[in-house]
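Here is what each chain is made of, one letter per residue.
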Amino acid sequence: MLIAADKFKGSLTAVEVAEHVTAGLRRAVPGLDVAAVPVADGGDGTVAAALAAGFTRHEARVTGPTGIPVTATFALRADGTAVVEMAEASGLQHLPGGVFAPLTASTYGTGELLLAALDAGATSIVFGVGGSATTDGGAGMLAALGARFLDADGEPVGPGGGPLHELATADLSGLDPRLARTEIVLASDVDNPLTGPKGAPAVYGPQKGAGEDDVATLDAALAHYAEVLERAVGPKAAEYALAPGAGAAGGIGYGALVGLDAAFRPGIDVMLDVLGFGPALAKATFVITGEGSLDEQTLHGKAPAGVAAAARAAGLDVVAVCGRLQLPQEALDRAGIRRAYALTALESDPARCMAEAGPLLERAAESLARDFLV
């Protein structure tokens, strides 16, 4: 049995999910051979999954999204592969008091976190993006890495996406030279462009506190930012603004594509490679995946869909565990998931379901084992 599940957000980490599923399975089938590869899709929980896979934990003190220092974690493997999660530095969880700052939140700390990974010896970086508090097109990140963004008076523009409307010149020549010899993979399940109706401000700005006027301001500022970068680095800046992934995490995807020469790949594909899922799958005869909510988003690049696709290609059965199930069986069938076991089927009260997620998950896993293994 191979357990390859993501976290249950707000209640269980991916490691804890695997532990509880294992306990439940072995209640029904004592001594069952179980292996676990906790997974993530590039969003929050990505570093935790890497640490569970044997990476070494590193911490750095960096600038939070509103300028207040925060402690951020990244993961590093002996071969020089680092996993860096932008939410560790610039995520919504670092907004003081949970107060949004849609126009001024900055990714500067993410740039500092990338520098810390380089300083620790990283030669290849998996850059997971998601859960950001920011919509600055990655300008803050690039500034921390050595880029200069100046207004008409030759002064640095202020932090965040809003002040980018004052941008007059951009200079990327000062970027840390180590970046040029570092392979950077932008791991994301978001394929939005930078601006426009499907761009970062319009689609994700409201989740970060942006009202209608803020969205318009940010969209115009990021479009202007791309124009200035086009003058600085050439036509690729305009091309990248339209590229899939440019709008990831408030446009930090765009900054990574233009300034870091990053390669965009679906987050779950990258992470399955990095976490050693392939070798584990080769030894498995049955696969269990899952996440907190199996819903329409799951089908668009989330961890369970990626795990199910790989397992199905290997000819293995896949079942899922989840906190709540919002997909009909036909959708699960199309994804390659034979059946899903939801905790809400055991406890209908959402608050109690989250509070008692561990024991409930063990019960669900025991039922799963009796249905498929006994």
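Per chain, residue numbering runs from 1 following the sequence as it is written. Under the rules for a predicted model, residues below a pLDDT of 70 receive no local features and side-chain atom pairs below 80 are neither given nor counted, while totals for whole chains, interfaces and linings still include all residues. Remark: hydrogens and water are excluded; side-chain values derive from all non-hydrogen atoms of the structure.

Engineer: Can you help me understand helix 4 (residues 108-119) in this one?
Structural biologist: At 3.6 residues per turn, the α-helix brings residues three or four places apart onto the same side. Numbering goes from the N terminus for both helices and strands, where a helix is a DSSP run of H or I of at least four residues and a strand is a run of E of at least two. What a helix should span is 1.5 Å times the count of its residues minus one. Here helix 4 is 12 residues long and its end C-alpha atoms lie 17 Å apart, about the 16 Å a rise of 1.5 Å per residue gives. Looking only at helix 4, the buried set comprises G109, T110, G111, L113, L114, L115, A116, A117 and L118. Positive phi appears at G121, one or two residues downstream of helix 4, with a value of about 110 degrees. The classification of residues rests on relative accessible area computed with a 1.4 Å probe and restricted to protein chains. Under 20% of the type maximum is buried, over 50% is exposed, and intermediate values are partly exposed.

Engineer: For this particular structure, what's the right way to read the packing of helix 1 (residues 14-28) against helix 15 (residues 357-372)?
Structural biologist: The angle between the axes and the distance between the axes are what describe a pair of packed helices. Look at helix 1 against helix 15: their axes get within 7 Å of each other, and the N-to-C directions meet at 45 degrees. Taken together, helix 1 and helix 15 sit at an angle that is classed as oblique. For the pair helix 1 and helix 15, the crossing hand works out as right-handed. Between helix 1 and helix 15, the residues in contact are V17, H20, V21, A23, G24, L25, R27 and A28 and G358, L361, E362, R363, A365, E366, L368, A369 and R370, respectively. Only Asp, Glu, Lys and Arg are considered charged, only Ala, Val, Leu, Ile, Met, Phe, Trp, Tyr, Cys and Pro nonpolar, and every remaining residue, Gly among them, polar. Taken together, the residues of the contact of helix 1 with helix 15 sort by class into nine nonpolar, three polar and five charged. The axes used here are C-alpha line fits, helices contributing only the stretch in contact, and every angle between their N-to-C directions lies in the interval 0 to 180 degrees. Note on angle classes: values under 35 degrees are labelled roughly parallel, values over 145 roughly antiparallel, values of 65 to 115 roughly perpendicular, and the remainder oblique. Left-handed describes a crossing whose near helix is turned anticlockwise from the far helix by less than a right angle; the clockwise case is right-handed. We call two residues in contact when some of their heavy atoms are within 4.5 Å.

Engineer: I'm lost on the layout of surface pockets in this one. Help?
Structural biologist: Rolled over the atoms, a probe sized like a water molecule indicates the empty space that remains. Throughout, the protein atoms alone are placed on a 1 Å grid, and a set of points is a cavity if a 1.4 Å probe fits but cannot get out or a pocket if it is open with protein on both sides within 12 Å along at least five of seven lines; lining residues have an atom within 4 Å of a point. Grid points are joined across faces, edges and corners, and a volume is the space filled by probe spheres set on the points. Looking at the second largest pocket, its volume works out to about 290 Å³. Taken together, 23 residues form the lining of the second largest pocket, with Y108, A143, V157, G158 and P159 sitting closest to its centre. Going through the elements one at a time, helix 5 (139-144) and strand 7 (148-150) are the ones with two or more residues in the lining of the second largest pocket. Partitioned by chemical class, the residues of the lining of the second largest pocket number 11 nonpolar, 10 polar and two charged.

Engineer: It is not clear to me how the sheet that holds strand 9 (residues 183-188) should be interpreted in this structure. Could you clarify?
Structural biologist: One key point about sheets: their strands pair by backbone hydrogen bonds, in either a parallel or an antiparallel sense. Strand order in the open sheet formed by six strands is 3-4-5-6-9-10, and the pairing between neighbours is mixed. Both edges of this open sheet fall to strand 3 (56-63) and strand 10 (263-266), since each of them pairs with a single strand only. Adjacent strand axes in the sheet meet at a mean angle of 30 degrees, parallel and antiparallel pairs treated alike. As paired elements, strand 5 (residues 81-85) and strand 6 (residues 124-128) share five bridges and run parallel to each other. Residue pairing across strands places V84 opposite F127, the latter belonging to strand 6. Packing of helix 4 onto the sheet brings it into contact with strand 3, strand 4 (69-76), strand 5 and strand 6, and relative to strand 3 it is tilted by some 140 degrees. A pair of strands counts as paired when DSSP detects no fewer than two bridges linking them.

Engineer: I tried to follow the packing of aromatic side chains on my own but got confused; where do I start?
Structural biologist: Centre-to-centre distance and the angle between the planes together describe a pair of aromatic rings. Ring geometry is summarised as follows: Phe, Tyr and Trp rings, the Trp one being its six-membered ring, pair when their centres sit within 6.5 Å, and such pairs are stacked at plane angles under 30 degrees, edge-to-face over 60 and tilted between the two. Under the definition given, this model contains three aromatic pairs. Where F286 meets F372, the ring centres are 5.6 Å apart and the plane angle is 50 degrees; that geometry is what we call tilted. Here the residue F286 occupies a position in strand 11 (residues 286-294), and F372 occupies one in helix 15, the gap between them amounting to 86 residues. Exposure remark for F286: the relative accessible area of 7% places this residue in the buried category. Its relative accessible area of 23% is what places F372 among the partly exposed residues. Taken together, F149, Y225 and Y254 form an aromatic cluster joined through their ring pairs.

Engineer: So what exactly am I meant to see when it comes to the nonpolar core here?
Structural biologist: Soluble, globular proteins show a tendency: their nonpolar side chains are buried together. The criterion is simple. A nonpolar core is a set of buried Ala, Val, Leu, Ile, Met, Phe, Trp, Tyr and Cys residues joined through side-chain atoms within 4.5 Å. Counting 56 residues, the largest nonpolar core has I125, F127, F149, Y225 and Y254 as its most contacted members. The element best represented in this core is helix 9 (residues 248-259), accounting for seven residues. If we ignore the near neighbours within four places in the chain, the residues touching Y225 are D136, G137, G138, A139, L142, F149, L164, L167 and Y254. A4, A331, A335 and A342 belong to the second-largest nonpolar core, a separate cluster that totals 41 residues.

Engineer: Whenever I open this one, the sheet that holds strand 1 (residues 2-3) confuses me. Can you help?
Structural biologist: Sheet architecture is open: five strands sit in the order 2-1-11-12-13, paired in parallel fashion. The sheet is open, and its two edges are formed by strand 2 (35-36) and strand 13 (339-342), each paired on a single side.

Engineer: Help me understand the pattern of salt bridges, please; the structure alone is not making it clear to me.
Structural biologist: As a working rule, side chains carrying opposite charge can pair if their charged atoms are close by. Salt bridges are identified by distance alone: a Lys or Arg side-chain nitrogen within 4 Å of an Asp or Glu carboxyl oxygen. As enumerated under the stated definition, the model contains 17 salt bridges in all. Between D6 and K7 there is a salt bridge whose closest N-O contact spans 3.7 Å. The class of D6 is buried, set by a relative accessible area of 3%. Taking the shortest distance from any N to any O, the salt bridge between R178 and D176 comes out at 2.9 Å. With a relative accessible area of 24%, R178 lands in the partly exposed category. For D176, a relative accessible area of 15% corresponds to the buried category. Several salt bridges share partner residues, and in doing so they unite D6, K7, K9 and D44 into one network.

Engineer: Sorry, what's going on with the pairing of strand 9 here?
Structural biologist: Regular strands place their side chains on alternate faces of the sheet. Where burial is concerned, most of strand 9 is hidden: five out of the six residues are buried. Summarising the sheet, strand 6 and strand 9 pair through five bridges and their orientation is parallel. Residue pairing for strand 9: I125 is matched across the bridge by I184. As judged from the four bridges shared by strand 9 and strand 10, these two strands associate in the parallel manner. Paired with V185 across the bridge in strand 10 is A263.

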